Each structure stands twice: as structure tokens, then as C-alpha cells.
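Letter by letter, the chains look like this.
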Amino acid sequence: MSNAVSFLKYGDVAEFRNGLNFSKDSHGKGCKFIGVADFKDNFTPQWKLLGEINPFGVAKREDYLEPGDIIFVRSNGNKALVGRSLYIDLNEKSLYSGFCIRARLKTDDFLPLFLAYYTRTNFFKSAITSVAGTNINNVNQDILGNIMIPHYSIGIQKSIVAVLTSIDEKIAINNRINAELEAMAKTLYDYWFVQFDFPDANGKPYKTSGGRMEYNATLKREIPAGWAVNTLSQIANITMGQSPAGEPYNEDGIGTLFFQGSTDFGWLFPTPRQYTTSPTRMAKKGDILLSVRAPVGDMNIANADCCIGRGLAALNSKSRSDGFLFYVMKYFKQVFERRNAEGTTFGSMTKDDLHSLQVVCPEPGLLKRYDDIVSEYNKMIFTRSLENQDLIKLRDWLLPILMNGQVKIK
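Residues numbered from 1 in each chain as written. Predicted model: local features only at pLDDT ≥ 70, side-chain atom pairs only at ≥ 80, totals over all residues. Heavy atoms only, no water.

Trainee: Tell me what's going on with the overall build of the chain, and back it up with residues and numbers.
Mentor: Tallying secondary structure elements over the chain gives nine helices and 22 strands in all. Relative to the globule expectation of 22 Å for 410 residues, the C-alpha radius of gyration of the chain, 24 Å, shows essentially globular dimensions. Sequence separation of 24 or more characterises 75% of the internal contacts of the chain that already satisfy a separation of 6 or more. Approximately 20,300 Å² of the chain is accessible, and the part contributed by carbon and sulfur atoms is 50%. Here the chain contributes 48 positively and 43 negatively charged side chains, and the mean placements of these two sets differ by 1 Å. (Helix = DSSP H or I, 4+ residues; strand = E, 2+ residues; numbered from the N terminus. Rg over C-alpha atoms; globule rule 2.2 N^0.38 Å. Contact = heavy atoms within 4.5 Å. Areas by Shrake-Rupley, 256 points an atom, 1.4 Å probe, with all protein chains shown as cover. Lys, Arg positive; Asp, Glu negative; His and termini not counted. Charge placed at Lys NZ, Arg CZ, Asp CG, Glu CD.)

Set out below in C-alpha cells:
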């Protein structure tokens, strides 16, 4: 099959529309809302994690997203995010931020998924800078409309998409398995350390079976007799991020790996993108990376030593019970989300906020039992996450050579 290719302007095959700006009063039930913070390294929106907006009186019918649409970050202080794309894969009632632009095909000569993959290539990113200039921090409809895109036959587009989606499907399967394993560990944490129905000496649920409870004045609730209540700083080493002075950042791998905030978070590990020649606060390989700015509570694991900016904190357990600490922080994430749902927006977390979080700590034997169980779950999660990293590298290596016709598909 010949991979003959011609090029067309994006604006000749798609129409563009800017997103909407909403007031704080609009946050609430209505429809899904995609903001710049939702553009991480995912190809499609993480629908279950999206916030909602009340569109009444603001949104028109043509403002809503449809399957096959592609949305781009239009403007952001973080230049690395500008031009990043998301493919709309579900028929979900949803809107998108005024800091974004939507592209919708107006021809049948292209597969939406083919174009979505193309927007992830370095060719597309370099085309943005060639049209707009290297110091771009804003993409508009004219810039997108003048980008040249490859035009293959529908048959070749289908073949290219089939190769790439087969890899993405395997990545998605691994993510689903990982999500189930994580859910099991979270459920066990809730059962043992929130409901206090851990196995007693007879293997029965402690609290339900009449285990002795004591009132704790700090938490204003009963906890198992003999358990302690500590601050997070008593059980964890905590490093608050600090951005390097000036802008000594680069994407060429020069210096120390740098993560400013949660925008580069993946399912478990962050995606290396920026480096700095003037590192300040460091996280160690294996540390929990916690987002301390909206969205507060998002977490990843550092899979290499790295510099962290002011949007992150790094944590590790003083007793080496990192499995327990990880799900302690997952529990606090639920607390923050409940506050947001109740209208008490928790938009950022200071050092004092983080250090003073109250943690119910079990006796050492039970803590070890939980950590041993969760460590096995985490090993399986890490294995699949590392496999996904290799699959992503394979996909990203194939993506440009498929798109520019270097490889012929039979």
C-alpha cells in the first residue's frame, strides 16, 4: 500500500470555536467541564475525574462537545501546555474552558482519530511554533487554521490508526487492572483505618465485634484503644517544592528533571518534559509527589530523582511504611474533594496545612500487616505502569514515522 501524502491547511478541513468563561457561581451540577488542568498526558479526557459546570444562560447548543472533536489549550502561563490536545471519545454532555479552542471536522476526508494522533506529534507542535514563533504562549484560530496537516487516503488513515490504537488499548487494559488493584487497597484502608473493622485477635471485624474504643478529643470521634493520632509531619518526611529563580528551564534534557505541578502527572508516574539547570527543592526516586495547588491532592510517584516546583510537595514515610502513607494521602484527597463539593473550595495547601493534617495511626503490628498486603498490590501496579511507559515510548516512536510516510503499512 502506497503511503502517498499531500498536505492541506487545518482550517480548510475543520472549523474552530473558543470555549466559554464561567463565573465561580456556575460551578456545580449541569454538565462535565474540561479545563486546562485536565490536559495532562492523557489522550482523551478522564471523564470520571472531571468537574461540572451549570451552563444555564451561558452555553448555546453549538458550544457543547461532540465525539470526534479535538480541543487544544489556547493560553496558559505554562508554555509547555499551550497547544496540547485532547480527543473527545464519548458522547458526554460537556463544555470546555475559554482558555481552550475546539476543532471540529467539516469534511469526511479525514478520520477524527487520525487527526487526534497527528496533533500529538512533534511535527504538529513544531508547526505551531513555525506559524506563531518560538516564544508562543497563546494559540488562536488563525494559527491552528494555517497549520499544514498530512492527507492520506481513508484506507491508509485507518491502517495507521489501527496500529496506534492497538498499543493504546493495551495501555488502557493495564490502567484498568491498576485501577482495580488501587481500589482494593483503598477499600482495605477504609475498612481498617476509617471504619476500624480490621481483623481482631479472633479474625473478626474489630469495631463491629465490640472492640474497645476510646474518644479522641483532637478528632472528636472514637478510635480503637491504644491507637495514636499524629500529625502528618510526625509520620512523613515532607519537602515543599520551590521553583528555581528566573526561567532556567529547557526541554532538551539539560540539567535536572523538573516538575512544576500536576500538569505532567500520568496514571502513576509523571511524564518527563522539562529540566532545569538551577535545581532547588528535590524529591527522591520513590517519593510521593503531591499536588498542593488546584487540583489539590492529585498524586504520582517519582520514578527518578527530580526537582519539584511550588505546585508540588514530596513525601516519604519515616517508618518506611510508604504503602500506608500513599493511601493515607488518597484518603485526604477524598476529604478535599468533599470540601470542594460542599462549596468550601480547597484551592491550595500551605506547608502548615500539610504538616498539621491529623492521621490515625494503628499499632505497629497491624500497620505492618496492611503495608505487606498493599506492597504486593503496588508491585503489580508498578510492573504494569512500567510496561505502559515502554508502550508509550513505542507508540511515540511509531507515531511520527507513520504520519510522515517513512513506514509503509501493508
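Trainee: Before we move on, can you summarise the packing of aromatic side chains with the specific residues and values?
Mentor: All told, the structure shown has 26 aromatic pairs when counted by the stated rule. With 6.0 Å between their ring centres and 45° between their planes, Tyr 189 and Phe 324 make a pair best called tilted. One end of the pair, Tyr 189, is in helix α5 (residues 154-193); the other, Phe 324, is in helix α7 (residues 322-341), with 135 residues separating them in the sequence. Judged by relative accessible area, Tyr 189 falls into the buried class, the value being 7%. Note on Phe 324: relative accessible area 4%, which makes it buried. Ring geometry for Phe 198 versus Tyr 206: centroids 4.6 Å apart, planes at 20°, classification stacked. Look at Phe 198 and you get buried, because its relative accessible area is 7%. An aromatic cluster is built from Tyr 189, Trp 192, Phe 193, Phe 196, Phe 198, Tyr 206, Trp 227, Phe 324, Tyr 331, Phe 332 and Tyr 370, whose rings are joined through pairwise contacts. (Phe/Tyr/Trp six-rings, centres within 6.5 Å; stacked < 30°, edge-to-face > 60°. Buried < 20%, exposed > 50% of the residue type's maximum accessible area, 1.4 Å probe, protein only.)

Trainee: Describe in detail the pattern of salt bridges, supporting the description with residues and values.
Mentor: For the coordinates displayed, the defined rule picks out 13 salt bridges. For the salt bridge of Arg 17 with Asp 63, the shortest nitrogen-to-oxygen distance reads 2.8 Å. Placement of Arg 17 in strand β2 (residues 14-18) and of Asp 63 in the loop between β4 (51-53) and β5 (70-73) is noted, with a sequence separation of 46 residues between them. Across the pair Arg 104 and Asp 69 runs a salt bridge whose closest N-O atoms are separated by 2.8 Å. One end of the pair, Arg 104, is in strand β8 (residues 100-105); the other, Asp 69, is in the loop between β4 and β5, with 35 residues separating them in the sequence. With respect to burial, Arg 104 and Asp 69 carry one shared label: buried. (Salt bridge = Lys/Arg side-chain N within 4 Å of Asp/Glu carboxyl O.)

Trainee: Provide a residue-level description of the sheet that holds strand β14 (residues 249-250), including the pertinent values.
Mentor: Spatially, five strands are ordered β14-β16-β15-β20-β17 in an open sheet, and the strand pairing comes out mixed. Of all the strands in the sheet, the pair left with one neighbour each is β14 and β17 (282-283). Alignment of β14 against strand β16 (residues 274-276), held across two bridges, turns out to be antiparallel. Following the sheet pairing, Asn 250 is matched in β16 by Tyr 275. (Pairing = 2+ DSSP bridges.)

Trainee: Go over the side chain of Arg 273 with me, naming the residues and quoting the values.
Mentor: Note that Arg 273 resides in the loop between β15 (256-259) and β16. The buried category is assigned to Arg 273, whose relative accessible area is 17%. A polar contact of 2.8 Å, which involves the side chain of Arg 273, links it to the side chain of Asp 264. (Polar contact = N/O pair within 3.5 Å; in protein donor to acceptor, adjacent residues only side chain to side chain.)

Trainee: Pulling in residues and values, what's your account of the nonpolar core?
Mentor: Counting 49 residues, the largest nonpolar core has Leu 232, Leu 315, Met 329, Leu 354 and Tyr 370 as its most contacted members. Examining the composition of this core, we find that eight residues originate from one element, α7, more than from any other. Ile 101, Val 139, Ile 143 and Ile 147 belong to the second largest nonpolar core, which has 39 residues in total. (Core = buried A, V, L, I, M, F, W, Y, C linked by side-chain atoms within 4.5 Å.)

Trainee: Please set out the sheet that holds strand β7 (residues 94-96) residue by residue, giving values where relevant.
Mentor: Taken together, three strands build an open sheet; the order of strands is β4-β3-β7 and the sheet is mixed. With partners counted over all chains shown, the strands left at the sheet margins are β4 and β7, one partner each. Averaged over all adjacent pairs, the angle separating strand axes in this sheet is 65°, with direction ignored. Of the strand pairs in this sheet, strand β3 (residues 27-34) and β7 are connected by three bridges, and their pairing is parallel. Counterpart to Ile 34 in the pairing with β7 is Tyr 96. (Axes fitted to C-alpha atoms, helices over the stretch in contact; angles between N-to-C directions.)

Trainee: Tell me what's going on with unusual backbone geometry, and back it up with residues and numbers.
Mentor: The backbone of Phe 196 shows a phi angle near 65°, a positive value even though the residue is not glycine. Along the chain, Phe 196 turns up in the loop between α5 and β10 (213-216). The exposure class assigned to Phe 196 is buried, which follows from its relative accessible area of 0%. Of note in this structure, Lys 220 is not a glycine but carries a positive phi near 60°. Checked against the element boundaries, Lys 220 lands in the loop between β10 and β11 (221-224).

Trainee: Describe the pairing of β15, with residues and values.
Mentor: Across three bridges, the pairing between β15 and β16 is antiparallel. Within β16, the position partnered with Thr 256 by the bridge is Thr 276. Here β15 pairs with strand β20 (residues 306-308) via two bridges, running parallel. Opposite Phe 258, over in β20, you have Cys 307 as the bridge partner.

Trainee: I'd like a description of helix α9 (residues 364-403), backed by residues and values.
Mentor: With 40 residues, α9 extends 56 Å from end C-alpha to end C-alpha; this agrees with the ideal 58 Å at 1.5 Å per step. The positive-phi residue at the C-terminal boundary of α9 is Gly 405, with phi of around 85°. (Expected span 1.5 Å × (residues − 1).)

Trainee: Mind laying out a nonpolar patch on the surface, listing which residues take part and the relevant values?
Mentor: Taken together, the side chains of Val 5, Phe 7 and Met 148 present a nonpolar region at the surface, about 260 Å² in accessible area. Position of Val 5 among the secondary structure elements: in the segment before β1 (6-9). Since its relative accessible area comes to 34%, Val 5 is described here as partly exposed. (Patch = residues over 30% accessible without salt bridge, like charges linked within 9 Å, V, L, I, M, F, W, Y side chains within 5 Å.)

Treat this as a map of the structure, not an account of what it does.
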